[in-house]
Amino acid sequence: MNPAEQLNLYLALGALLFVCGVVCMATKRNAIGVLIGVELVLNGANVNFVAFSRYNPAFEIEGMIFALFVIVMAAGEAAVALAIVLNFYNNHTTVDVDSAEELKG
Amino acid sequence: MLDWLGEFWTDYGIFVLALIASNVLIGFMLINAIFSVWMERKVAGRIQDRLGPTRVGGKFGWLQTLADGMKLLVKEDTIPAAADQFLFRVGPYIALVGSFLAFIVLPFGDGVVAREMNIAIFFMLAVMSSEVFGIILIGYGSGSKWSLFGGMREAAQMVSYEIPMAMCVLVPVIVAGSMNLGDIARSQSGLWNWLVFHDPFTFCAFWTYFTCAMASCKRAPFDLAEAESELVAGFHTEYSGFRWLVIFMAEYGSMFAVSGIACIMFLGGWSTGLPWELTELFGGLGVVGLVIGNVINVVVFLVKGWVLVFVMMWVRWTLPRLRIDQVMMLCLKYLIPISCVLMAGVSLWNLWLPALVQSIVGYLIFGVSAAGAGFFVYRVVTWVSLKPGSAMPGMWRMTTLPGYQGAAKL
Amino acid sequence: MELHAFMFWLIALLTGLCALATVITQNIVRSATWLLFTLAGTSGIFFLLGADFVGAIQLLIYVGGTMVLVVFGVMLTAQGPFINMKTSGAEWAISIVAGILLFAVLLFGTWGRFSASTSTPEDPKDSHHAVTIGQVLTGVPYGPFDSPTQVRAHYLLPFEIVSVHLLVVLIGAAYLARAKRRGEEPK
């Protein structure tokens, strides 16, 4: 396999993770399930970043740096999202995102 | 050593090598668990003034663990009705994998390592932090309130103690200028070059690291996850048979892994304390010398690791268990600030102080520690223990205590 | 098959299956467990790509930190009805169709569109990535000195922004999740 074909496969894996994440966000009614979907999406993006850092010498460090930033951001996002979910659970005693409709116009 | 072998293999030879290496490591984990459980029982027995196992295998009951293991293998493997089957089954293996992966990059001697990595210590911390997930799944999947409490405590404790542990590990990394465990260990040949004696900050970092390591192995006084006086057996209440065995293999494996990190980062790794490398010393003898040197290295490393494991057991059977809020307070209020100060301090120390002052302070710390250790050994050797009393077999008669009437008179 | 290709297919298939299982399973705790396997598989992919530092970070932060946090959240909110929340068949159908379409679009957009060159991956024994990443994050420019087309870049400012961001997250999460005082009872 030449490098371009390998890169294709890695990008396909990234796309698969991304799509799984999107479907997960769409179908899960549990707020934490939606969070899990977000994590999958970010991982799909990360696979792409690191694949490019391996197969394109111009992005060797950039790809990794961006993957690192994404991971750190994901950690922060998970912390805040969980805090919001817990707050929501305290106020409404549910984690069903469909019942979060107080702000509906 | 494997380099010249590698040239003769095709790509797939790597699989065979990996298989051999992983089998050796799994075997080591098993033997380590067997030995450590036996040692734990003997240590506990001696500290509590009893004998521990004595019969199986002739002297000292040294085959007791093997017999227990056999018993566990044939035990009925129960899964509670309320348990989540999948999580209950998969949990112990996640914990075992987390513990096992740490051994991949842990060097047992100069080059005696499954995979030498440039970021070995970081990799070890990373995979050992994933062990906690197995414990949490065990706790949740059991479908028991005791287990759930244990799992929750474990989650809170591990996530907190990872931070000071990683920061304390960074202290010797800053001094040695490398995250490669092999390089760090090679840089400290000679007892006075051990990083624990390098400066006051590494000296404190060693003790802080060891405290955090004990907490992250959920050893007493931090064993809140399995606090048997409150939670029956905590997270592994519902386990029996082989899976229980696996949980304990993982626990003793990670105990040795954190002790191994402490050895390599602070206590000279496989160095005997003499200022030369054994593989080079015996290198003149050719392959035989290499083998001899490596065997001595590995034995020294194992002894050091097991001594630290012994200290963990010693602490476990000496100190009472903390409360969960005390455990969290110790980490968040004390250990994290201490480790931050240590990290900043060691950077400034190496940056600003002239080399002469550094080495003088280093030798001073080494001298004081050596004198302290020597005094301790002297006291232990010359300690006149009390004679056993006649009232009960094995009971010590405290005749020197004021107001003591003697058991016979009561 | 080459070793690299074999390892890729092995890890990628496992990762992909675990990702699918994350989506399909209805039980939220099992979903989190499958996500854990997916993340571990992704870190395996990173190691395969020679980015061992990123792989280790992935294990440390995602598996050791974020996933524990997620499961912690699940445990705090998991009560009977919320563990298994069913999604209606229509939603599933729409989501799956949309997902397949999206996957097709992504594949169409990426397959064979990028040229690639590669060198032999560095031995993890003397990989310099961790050092370079550290230098770039602390403000030492990186890049070829003589090339006029490439910019020598460093990432000190993003690094600082991320650190401040994490501090804000820390305070914000603690504020949001703090125990409610008496007197402001939940509705």
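Note that the coordinates shown come from a computational prediction; the quantities given were computed from them, not determined experimentally.

About the cut-offs
Residues numbered from 1 in each chain as written. Chains lettered and ligands numbered in written order. Predicted model: local features only at pLDDT ≥ 70, side-chain atom pairs only at ≥ 80, totals over all residues. Heavy atoms only, no water. Helix = DSSP H or I, 4+ residues; strand = E, 2+ residues; numbered from the N terminus. Contact = heavy atoms within 4.5 Å. Areas by Shrake-Rupley, 256 points an atom, 1.4 Å probe, with all protein chains shown as cover. Lys, Arg positive; Asp, Glu negative; His and termini not counted. Charge placed at Lys NZ, Arg CZ, Asp CG, Glu CD. Buried area = accessible area lost by both parts, 1.4 Å probe. Salt bridge = Lys/Arg side-chain N within 4 Å of Asp/Glu carboxyl O. Polar contact = N/O pair within 3.5 Å; in protein donor to acceptor, adjacent residues only side chain to side chain. Nonpolar A, V, L, I, M, F, W, Y, C, P; charged D, E, K, R; others polar. Buried < 20%, exposed > 50% of the residue type's maximum accessible area, 1.4 Å probe, protein only. pLDDT = per-residue confidence, 0-100. Core = buried A, V, L, I, M, F, W, Y, C linked by side-chain atoms within 4.5 Å. Domains from an automatic or database assignment. Expected span 1.5 Å × (residues − 1). Disulfide = S-S within 2.5 Å. Axes fitted to C-alpha atoms, helices over the stretch in contact; angles between N-to-C directions. Parallel < 35°, antiparallel > 145°, perpendicular 65-115°, else oblique.

1. What to know about the overall build of chain A
For chain A, the count of helices and strands is three helices and zero strands. With the principal axes as the frame, chain A shows a C-alpha extent of 55 × 25 × 20 Å. Relative to all contacts within chain A whose residues are 6 or more apart in sequence, the contacts with residues 24 or more apart total 56%. Carbon and sulfur atoms form 67% of the exposed surface of chain A, whose accessible area is close to 3,600 Å². Chain A carries 4 positive and 9 negative side-chain charges, and their two centres are separated by 7 Å.

2. Some thoughts on the interface of chain C and chain A
At the junction of the two partners, chain C supplies 82 residues and chain A supplies 74 residues. Buried area between chain C and chain A, both sides added, is near 7,200 Å², and the carbon and sulfur share of it is 74%. The tally of links between chain C and chain A comes to zero salt bridges. Put simply, chain C and chain A have five residue pairs in polar contact (both at pLDDT 80 or more) between them. When residues of the side of chain C that touches chain A are traced back to their parent elements, those giving at least two are helix 1 (3-24), helix 2 (28-48), helix 3 (52-77), helix 5 (89-110), helix 6 (129-137) and helix 7 (156-176) of chain C. For the side of chain C that touches chain A, the class distribution of residues is 50 nonpolar, 27 polar and five charged.

3. Quick notes on the pattern of salt bridges
Residues and elements named next belong to chain B. Per the stated rule, a full pass over the model turns up nine salt bridges over all chains. For E40, the salt bridge identified is with R316, shortest N-O distance 3.5 Å. Placement of E40 in helix 2 (residues 13-47) and of R316 in helix 13 (residues 287-316) is noted, with a sequence separation of 276 residues between them. The pair formed by E40 and R316 is uniform in burial state, with each residue classed as buried. Residues R186 and E116 are paired through a salt bridge, measuring 3.3 Å at the closest nitrogen-oxygen approach. Placement of the pair is R186 in helix 8 (residues 181-186) and E116 in the loop between helix 4 (85-104) and helix 5 (120-129), with a sequence separation of 70 residues. Relative accessible area serves as the criterion here: at 29%, R186 is assigned to the partly exposed category. E116 gets classed as buried once you look at its relative accessible area, which sits at 18%.

4. Observations concerning the interface of chain C and chain B
Each partner contributes residues to the interface: chain C has 37 residues there, and chain B has 36 residues. Summing the contributions of chain C and of chain B, the shared interface buries around 3,000 Å²; its carbon and sulfur component is 77%. At the boundary of chain C with chain B, the tally comes to zero salt bridges. Across the chain C-chain B interface, the total number found is zero residue pairs in polar contact (both at pLDDT 80 or more). Contributing elements (two or more residues each) for the side of chain C that touches chain B: helix 1, helix 2 and helix 3 of chain C. A total of 14 residues in the side of chain C that touches chain B trace back to one element, the largest contributor, which is helix 3 of chain C.

5. Some details on the confidence of the model for chain C
Atom-level detail of predicted coordinates should not be read off regions where pLDDT is low. On average, residues of chain C carry a pLDDT of 80, and 80% of them reach 70 or more. Both confidence scores are given for the complex: pTM 0.84, ipTM 0.88.

6. Description of the nonpolar core
Among the nonpolar cores identified, the biggest contains 175 residues, and B:Y209 and B:F256 are the most heavily contacted of them. Among the elements that take part in this core, helix 11 (residues 241-266) of chain B stands out by supplying 16 residues, more than any other. Mapping this core onto the domain boundaries places at least three of its residues in each of domain 1 (1-84) and domain 2 (126-179) of chain C. Aside from chain neighbours lying at most four places away, what touches B:F256 is B:F28, B:N32, B:F103, B:L106, B:F108, B:F301, B:L302, B:G305, B:W306 and B:V309.

7. Details of the side chain of B:S271
Residues and elements named next belong to chain B. Mapping S271 onto the fold places it in the loop between helix 11 and helix 12 (278-281). Exposure remark for S271: the relative accessible area of 8% places this residue in the buried category. Setting aside anything within four residues of it in sequence, one finds S271 in contact with Q188, S189, G190, W194, V300 and K304.

8. Details of helix 3 (residues 60-92) of chain A
Look at helix 3 of chain A: 48 Å from first C-alpha to last across 33 residues, which is about the 48 Å you get at 1.5 Å a residue. Following helix 3 of chain A by one or two positions, A:T93 has its phi on the positive side, about 50°.

9. Re the state of the cysteines
All names here are of chain B. Using the criterion set out here, one finds zero disulfides over all chains in the structure. For the unlinked cysteine C212, the closest cysteine sulfur is that of C168, found at 5.2 Å. The structure places no disulfide on C340, whose sulfur is separated from the nearest cysteine sulfur, that of C168, by 9.5 Å. On the accessibility criterion, C340 (34% relative accessible area) is partly exposed.

10. Details of the environment of B:V232
Residue and element names in this part refer to chain B. Residue placement: V232 occurs in the loop between helix 10 (228-231) and helix 11. In this structure the C-alpha to C-alpha distance between V232 and S147, which are 85 residues apart in sequence, comes to 8.8 Å. Setting aside residues up to four positions removed in sequence, V232 forms contacts with W146, E226, A227 and T237.

11. Some thoughts on helix 5 of chain B
Across the 10 residues of helix 5 of chain B, 10 count as buried, placing the element largely inside the fold. Within the sequence span of helix 5 of chain B, burial applies to B:A120, B:I121, B:F122, B:F123, B:M124, B:L125, B:A126, B:V127, B:M128 and B:S129.

12. Examining the packing of helix 9 (residues 200-216) of chain B against helix 11 of chain B
Residue and element names in this part refer to chain B. Interaxial distance between helix 9 and helix 11 falls to 10 Å at its minimum, and their mutual angle equals 170°. By the angle class used here, helix 9 and helix 11 are roughly antiparallel. Counting all contacts with helix 9, which are made through T202, A205, F206, Y209, A213 and S216, the residues of helix 11 involved are V258, I261, A262 and F266.

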